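# Survey of secondary and tertiary structure
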Amino acid sequence: MELILTCNIQKQYGLQYLFIKKIKLILYLHHSPIWIQKILPSFIWKKRHAQKVVHLTFDDGPIPEVTPWVLNVLKTYNAKATFFCVGENIKKHPQIYTQIISESHIVGNHTYNHLKGIQTSDTIYLSNIQQCAETMARYAKVKPPLLFRPPYGRLKFSQAKKIRELNYEIVLWDVLSGDFDNKLSKEKCLKASLKHTKSGSIVVFHDNIKSFETLQYVLPLYLKTLTEKGYKFESL
């Protein structure tokens, strides 16, 4: 993401590197600024809905310590979500991957080894995405949708172009929960996530070990609060 922003902003607006460094800091906000979404319209940031609908997404699974718990909580609130899965985790835990699909959630590609695009050559990055896609197809009874989310939200402009040429939609977000941030309290994580969620929001949580303590507190209360306000939760 950083290099995409650098490339586009420099090309279209001629801003200096010092200002671009500040933009990189802005990226860890709970809400993706509208102006960034407008500068990069080819990415999926949110959906348009007339009714109260939210799109929950979970990155980095599936793993036995977290993903089944997430599925149980979602079931409690009749919520559907999209899981951006890491290929090597699918291979290790295929039964959890198939459980996600059997419970009518959607799966997306998150690379095979959770690679940072900005630190990886295009050839290796695209090959890793393809390896994940092959693993997803191997264990799914139906062909998974062509949804891709770059790990860490970062990839090169050249990588994004080639990924789209493979007919993938690149899904980012307009609400980043911050469940991965050990310096952020669970209470603040919940408060910020609720504050910025609107109809059509794509919200990022993580089904990984690092985020689990915060997720255990935030997810049930987040779902309960928004359900009481009349929201529904649908996959992408």
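Definitions and limits used
- Residues numbered from 1 in each chain as written.
- Predicted model: local features only at pLDDT ≥ 70, side-chain atom pairs only at ≥ 80, totals over all residues.
- Heavy atoms only, no water.
- Helix = DSSP H or I, 4+ residues; strand = E, 2+ residues; numbered from the N terminus.
- Expected span 1.5 Å × (residues − 1).
- Bend = angle between axes of the 7 residues up to and from the residue.
- Buried < 20%, exposed > 50% of the residue type's maximum accessible area, 1.4 Å probe, protein only.
- Contact = heavy atoms within 4.5 Å.
- Pairing = 2+ DSSP bridges.
- Arc of directions from axis to C-beta.
- Salt bridge = Lys/Arg side-chain N within 4 Å of Asp/Glu carboxyl O.
- Phe/Tyr/Trp six-rings, centres within 6.5 Å; stacked < 30°, edge-to-face > 60°.
- Lys NZ or Arg CZ within 6 Å of the ring centre and 35° of its normal.

## Concerning helix α10 (residues 209–228)
Under the 1.5 Å per step criterion, the end-to-end length of α10 is 29 Å for 20 residues, consistent within 8% with the ideal 28 Å. For α10, the principal kink sits at L215 and spans about 55 degrees. Turning to α10, its buried residues are S211, F212, T214, L215, V218, L219, Y222, L223 and L226. In this structure, the buried residues of α10 make contact with β1 (53–59), α4 (67–76), α9 (186–196), β7 (202–206) and β8 (232–233). Immediately downstream of α10, the backbone of G230 shows phi near 95 degrees, a positive value.

## Section: the pairing of strand β2 (residues 81–85)
Sheet faces and side chains relate simply in a regular strand, where the side chains alternate between the two faces. Of all the 5 residues making up β2, 5 are buried; the element is thus mostly covered by neighbouring parts of the structure. The two faces of β2 match: A81, F83 and C85 on one face and T82 and F84 on the other face are all buried. One ladder, built from 4 bridges, connects β1 with β2; its direction is parallel. Looking across to β2, one finds that L56 is bridged to A81.

## A closer look at α4
Within α4 the residues assigned to the buried category are T67, V70, L71, V73 and L74. Looking straight down α4, one finds its buried side chains confined to an arc of 165 degrees; they lie on one side. Exposed side of α4, more than 90 degrees from the buried face: K75 and T76 are the residues found there. Its buried side turned inward, α4 meets β1, β2, α6 (94–102) and α10. Looking one or two places after α4, you find N78, whose phi comes out positive at around 50 degrees.

## Overview of the pattern of salt bridges
Inspection of every chain in the model, using the stated rule, returns 5 salt bridges. With its nearest N and O atoms 2.8 Å apart, the salt bridge here joins E165 to K161. Taken together, the positions of E165 and K161, both in helix α8 (residues 157–165) and 4 residues apart, correspond to about one turn of that helix. Judged by its relative accessible area of 46%, K161 falls in the partly exposed class. Of the charged contacts in the structure, one is a salt bridge between K224 and E228, with a shortest N-O distance of 2.8 Å. Of this pair, K224 and E228 both sit in helix α10, separated by 4 residues, roughly a single helical turn.

## Side note on the packing of aromatic side chains
The relative placement of two aromatic rings is captured by the distance of their centres and the angle of their planes. All chains considered together, the criterion is met by 7 aromatic pairs. Here the aromatic rings of F58 and F83 are separated by 5.1 Å at their centres, their planes lie at 20 degrees, and the arrangement is stacked. With a gap of 25 residues between them, F58 in strand β1 and F83 in strand β2 connect regions that are remote in the sequence. Classification of F83 by relative accessible area gives buried; the value is 1%. Centroid distance W69 to F212: 5.4 Å. Interplanar angle 75 degrees. Geometry classified as edge-to-face. With a gap of 143 residues between them, W69 in helix α4 and F212 in helix α10 connect regions that are remote in the sequence. Of the residues examined, W69 reaches a relative accessible area of 23% and is grouped as partly exposed. Exposure remark for F212: the relative accessible area of 15% places this residue in the buried category. The cationic tip of K116 hangs over the ring face of Y152; the distance from NZ or CZ to the ring centre is 4.9 Å. Here R164 stacks its cationic end above the ring of F43, 4.7 Å away from the centre of that ring.

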